[in-house]
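# Structure assessment
Here is how the chains run, residue by residue.
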Amino acid sequence: MPADFEDFARAASRSRSSAPPDAPRLTRIAVLGGGPDARLIAALALAENCDVTLFSAYGKELELMRASSGIALRGAGPIGSYQVDSGTASVKLTAELDAAVDGAEAIFLTGPIHKQRTYAMVLADHLSDGQVLVLAPGRSLGAVESAWMLRLGGCTADVTLIETQGLPYWFRTEGATLHLSDRAPVAASTLPRGRSEAITGLNHILPNLQEVESVLASGFADLSAAVDIPALIMGGAGLVSGGVKIPMGGVPLPENETFANLIGPDQMRLIEVLAEERKTVARAFGIRGLPDTADWIAQHTGAAKGEGTRPVPDRDTARHMLRDGVIGSLVPLCSAAALAGISVPQTDAMIALTGAILDADIAASGRRLETMDITADTIDDARRTFDALTPGGR
């Protein structure tokens, strides 16, 4: 292991004791980003009487929120309309990053991966000891990459990163309104390992977080791209596609327009193969206890009908999902597989297919262990590298 990374790994491995039963709630919240995921987090935090500031570098995003008089939540969750910039009981909007994070106990990094990377880099000299950074979602090795970015940016503060694999709700946007449906529990971990009090302190905002032992465990629990990519692009006459069959001249019912209904038997078989490749690599790094494949897939697809359904994304959103899925989920798995000497042909094929569809070499932008100086000649070396990064004590 290179000396620079060894220093980083040791620093990142400092941990506190497990959370006491009365771990304090984190109530001073900053949300970085102006997309629907950021608006959802801000509204959920405000519903819990938190002091919430939302930062966006894009004036149009802030103006749209002000013009719409806030954030409306419908469906599941804390239904209501949450005001912005209208006094104490509202989300404060700002285009000044330092003002957003100053004094915040928890800072959410939202949006696509390239934005999360940027936030981590520019935050480096704005952070203070004790602050918590939340990647929602962090996908595979998101916390490791963010910690590396913070280090490159010169961060010296003792901060905690939380890598989550999702939010409490699936959501569909309609103007300023977010229509919510409940989501299954999602894996979450801290870096440094063992700082459970950070996750406990956010349970009032993110009640579906299921803590796992390390960022390795939460990263390998990220099946998102293995579900999303086959569901969104594998269709047509040659495959048995999902969905309720509509007689000629019939009209599809809105309640059948769900993500789970995009997945037919052929797509399911492919997802199962991708899931097994991920489990194989996880076992090589000592990570076991991942869910049964059927349950694992169900966590990411949502219900086919009724409560807990996941909406079908629009075309632009779908293409962003494909891009982030390759960058933040599939490429890290292939990188870990290469270190372990394991072949993952179906994962490689999904990367190539998605790149061809998007007409871009998105794999080149993926999270790779070697770009964070995590290199090894054997699987034992790789294990030792990760053990140095994520142990519970120093």
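Where an unreviewed UniProt entry is consulted, the protein chain appears under the name Opine dehydrogenase domain-containing protein, with the organism given as Sulfitobacter sediminilitoris.

## Points about the overall build of the protein chain
Check the secondary structure of the protein chain and you find 14 helices and 12 strands. Sorting the 394 residues of the protein chain into buried and exposed places 52% on the buried side. With an accessible surface of roughly 16,600 Å², the protein chain has 51% of that area assigned to carbon and sulfur atoms.

## So, the side chain of Arg 310
Looking at where Arg 310 falls in the secondary structure, it is placed in the loop between helix 11 (293–301) and helix 12 (315–340). With relative accessibility at 10%, the residue Arg 310 sits in the buried group. A distance of 3.0 Å separates a polar atom in the side chain of Arg 310 from a polar atom in the side chain of Asp 228.

## Brief notes about the pattern of salt bridges
The tally for this structure, following the rule as stated, stands at 13 salt bridges. One continuous salt-bridge network, built from bridges that share partners, spans Glu 63, Arg 66 and Asp 85.

## Description of the packing of aromatic side chains
Within the structure shown, the criterion is met by 2 aromatic pairs. Measuring from ring centre to ring centre gives 6.5 Å for Phe 55 and Tyr 119, while their planes differ by 75 degrees; the resulting arrangement is edge-to-face. Linking Phe 55 in strand 2 (residues 51–55) with Tyr 119 in helix 5 (residues 113–123), this pair joins segments that are 64 residues apart in sequence. Tyr 119 sits in the buried class, given a relative accessible area of 10%. A cation over a ring is seen here: Arg 310 above Phe 259, with NZ or CZ 3.9 Å from the ring centre.

Definitions and limits used
- Residues numbered from 1 in each chain as written.
- Predicted model: local features only at pLDDT ≥ 70, side-chain atom pairs only at ≥ 80, totals over all residues.
- Heavy atoms only, no water.
- Helix = DSSP H or I, 4+ residues; strand = E, 2+ residues; numbered from the N terminus.
- Buried < 20%, exposed > 50% of the residue type's maximum accessible area, 1.4 Å probe, protein only.
- Areas by Shrake-Rupley, 256 points an atom, 1.4 Å probe, with all protein chains shown as cover.
- Polar contact = N/O pair within 3.5 Å; in protein donor to acceptor, adjacent residues only side chain to side chain.
- Salt bridge = Lys/Arg side-chain N within 4 Å of Asp/Glu carboxyl O.
- Phe/Tyr/Trp six-rings, centres within 6.5 Å; stacked < 30°, edge-to-face > 60°.
- Lys NZ or Arg CZ within 6 Å of the ring centre and 35° of its normal.

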